[in-house]
Every structure is written in C-alpha cells, then in structure tokens.
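# A closer look at the structure
Chain by chain, the residues run as shown.
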Amino acid sequence: MGENKKRAVISYLTIVFLALAFIFVGNRIIGYAPEESGEAYVYRARVVSVVSEQEHITADEVWRSIVFEARITERGERRGETAQFTQNVRGHFLERFPRAAQAGDRIMLGLSPQGAWNFIDYVRIHQIVILGSVFAALILIFGRSKGFNALLALGLTAGAVFLVFIPSIFEGYNIYVSSIVVCVYTVLITLFIINGVSQKTAAAITGCLGGVVAAGLLTFIMNAAMMLTGITQSESIHLLHLTATPINLNAIIFAGIIIGAVGAIMDMSVSVSSSLWEIKIKKPDTDFQEILKSGIQIGKDILGSNINTLILAYIGSSLTIILIFLGFDVSIFRLMNRELIIVELLKAIVGSFGIFLTMPLTAFVCAVLYTRKKEEVIEIYSPFD
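The text that follows walks through the structure, step by step, so that each part is easy to find.

Calculation notes
- Residues numbered from 1 in each chain as written.
- Predicted model: local features only at pLDDT ≥ 70, side-chain atom pairs only at ≥ 80, totals over all residues.
- Heavy atoms only, no water.
- Helix = DSSP H or I, 4+ residues; strand = E, 2+ residues; numbered from the N terminus.
- Buried < 20%, exposed > 50% of the residue type's maximum accessible area, 1.4 Å probe, protein only.
- Contact = heavy atoms within 4.5 Å.
- Areas by Shrake-Rupley, 256 points an atom, 1.4 Å probe, with all protein chains shown as cover.
- Core = buried A, V, L, I, M, F, W, Y, C linked by side-chain atoms within 4.5 Å.
- Axes fitted to C-alpha atoms, helices over the stretch in contact; angles between N-to-C directions.
- Parallel < 35°, antiparallel > 145°, perpendicular 65-115°, else oblique.
- Left-handed = near helix turned anticlockwise from the far one by under 90°.
- Nonpolar A, V, L, I, M, F, W, Y, C, P; charged D, E, K, R; others polar.

Helix and strand content of the chain: eight helices and five strands. Starting at the N terminus and walking to the C terminus, you meet the elements of the chain as α-β-β-β-β-β-α-α-α-α-α-α-α. In the chain, which comprises 385 residues, the proportion classed as buried is 38%. A separation of at least 24 residues holds for 68% of the contacts in the chain among residues at least 6 apart in sequence. Carbon together with sulfur atoms contributes 64% to the accessible area of the chain, which is approximately 22,100 Å² in total.

Pasting the structure below:
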C-alpha cells in the first residue's frame, strides 16, 4: 500500500470514528429519555378473522362496526395472545382508514388501562423497509464503494438528527445552535466520507458552509421582519406544552429551513468543485482567472435545475393544504399570506439564496486552492479511489 493510500485509509477511518463518537457522546450528554405516558400501550398484531359485523344507519351516513380477532406479534409476555377489537368503517370520503381490516393484515392495537383493545392503525413500515432495501441494494450495485459511502453518510446524518438534534430540543438546548452544529456536522461528514480528504473536498466544504451561513442569516432576518409566530398549523401549538420550558417555534422554523436547504447547497458546491478539479487535472496550467470564470459558468448551468428542484419539493409538500384552502374559496391573496404558506415560500427562497451564494464562493475557493504551488498542494483521496 502506497503512502498516499495509507493516509487516505487512516483519514477515512478517523472521520467515521469521529462521526460515531459525536452521535454517541452527544446523545449521552443530552441524556433525553421519553417519559412513559398514561396512554394505552401499543402492540403489533396480525388479524386472524372477522368475529361479527353490524351495519348502522343514521341520518347522515351508513357505517359498519366490525369485530375482529387478532394475534399479538409484539415481543414480550403477551406475544401469541389473541385479542378482539372493533373497527368502525364509514363510507364518508374523508374517513381515515381506506378499508376494513382483512385476515393477514398487520395492525397496531392499543391496550387501555381498563383492558380493552382498540384499533390504532395499520403497520406500514414493512413496505417502506422493503422499498428502502431495494434502493440500498441498487445504490451498492451501481455505486459500489461510492454508493456504500453515500449510504454510510446518510445513516450518520440521520443518527445525528434523531439521536442528537431532536433530543436536544426536548432537553431545552438552544435550537439555533443545535441546528447549526448538525448542519456543519452533516456537511463535514458527508463530503469527507464521499469525496475523501482533498482540496476538492475542502473547496466544497468552504462553499457549502458559506451558503448555509448566508441562508441562516437571511432566515433570521426575515423571521423578524415578517413577525412570524412559528405556529404554522394547529399541531404546532402542542410543542409549547411538551416540555417544562416552551419550545421556541421560530427557532424550529429556522432549523427546518437550514437543515432542509443544506442538501441542495451541498449539491451545488460539490458539482462546482468536482468539475473544476477535473479541469485542473486535465489542464494543469489553468490559472486563477480561468478556473474562477469556468466555475461561475458551470454554476450558472447547475443553478436553474437546483433551484427548481428545491422549490418544487416545497410546493409538493404543501400541495394538500393549498388544495384544501382553495377548495374552501380562500382567495389567493389570503392564501399567500397564511403563515403556513409563507414559511414554505421562505424555505424555498432562502434555500435558493443559499444555492446562489454557494456557487461563486465555491468557484473562488477552488481558484485559490487549485492554483497553489505544487509543494503546497495536499492530495489525500478516498481510500476507495
């Protein structure tokens, strides 16, 4: 193994170790543990058969009350027990459940303190696990080492969000600081793991962090200027009562915007830095001005599609609520001024600003780093290169 390869392997393992240490230590420091609630405990079960069925007719609608027998599949002392529960199936088009349960369906049952079993919902995670497994397999087959690194980075990012960031909110830590820390962690870990330690990665990280900082500052300014309350929907108010100290809802908006934008910003910075690196490799005598000019041009070509991707994603996430409001004849002006819609627009525009500012910054940093003297250049690549 060459010296450069050895350094790359050591760097890679060190980065993965530090990423895991951040999640483990951060979770331990925060020390969040959900308290047991007084609500019914939820058990996984599988429907065995229909016991009885009764039809009810009212002035408004016709609905059925169906009694089922199910077998508990949740691990524990109740595993294998049978339970009877009732499901009410209405014909109204707004009914939550699409159909009555059938034999073989995986469901969730709640056991009340009085010992009654209640239908909670269908178990749907199995389908997601299958779909996710197929996706991961395709990534590994076609991406090989790069695909593995992408999945690893995704797992570490998810770990930081669910085991560090979200618990920190419930424990009363500053949400602004926590969200910035998670974003910086995500950028560093993702880019170092996927691209290795090199000038290309350093340029991408610098440009990406610059875009994230710009997006954060703009969010903070607009949050104050538009006098947002943070209550974007009826459920938001519950966050004020989940902890001893009310959760800062405006900080939640801030966190949602910069965490949501960091992926698109990373995409821009990596695209520009990687393209310029290839230009420098193929044409070593390319000077500062040429690299900067090429970076701006490459960024322009990428900018439109990245911004469209980000904006369409936010429009898609708000489509249901937009249709509901317009269906009740809410005017476009009134709709566009509702805080829920304003926040989604703010996410899209601020994210777009972050992408836009990342492009010239990444190009400039690339021009500086890629035109340094050969003896000043540090070239440590991924161990999989």
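From this point, the narrative continues.
Turning to the nonpolar core, a few remarks are in order. Buried together is how nonpolar side chains tend to be arranged in soluble globular proteins. Counting 34 residues, the largest nonpolar core has Val187, Met268, Leu276, Ile355 and Tyr370 as its most contacted members. Of all the elements in the fold, those that place two or more residues in this core are helix H3 (175-195), helix H4 (199-225), helix H5 (249-282), helix H6 (288-327) and helix H8 (339-370). Broken down by element, the residue count for this core peaks at eleven residues, all from H5. Sequence-distant contacts of isoleucine 355, that is, excluding residues within four places in its chain, are made with Ala264, Ile265, Met268, Leu303, Asn306, Ile307 and Leu310.

Attention now moves to unusual backbone geometry. In the Ramachandran plot, arginine 144 falls in the positive-phi region, its phi being about 50 degrees despite a non-glycine side chain. Positionally, arginine 144 belongs in helix H2 (residues 125-170). The class of arginine 144 is exposed, set by a relative accessible area of 64%.

A few words on the packing of H6 against H8. Following both chains from N to C, one finds H6 and H8 inclined at 165 degrees, their axes separated by 8 Å at the closest point. With respect to H8, the axis of H6 lies roughly antiparallel. When you trace H6 past H8, the crossing you get is right-handed. Looking at the contact of H6 with H8 residue by residue, the classes come out as 24 nonpolar, seven polar and three charged.

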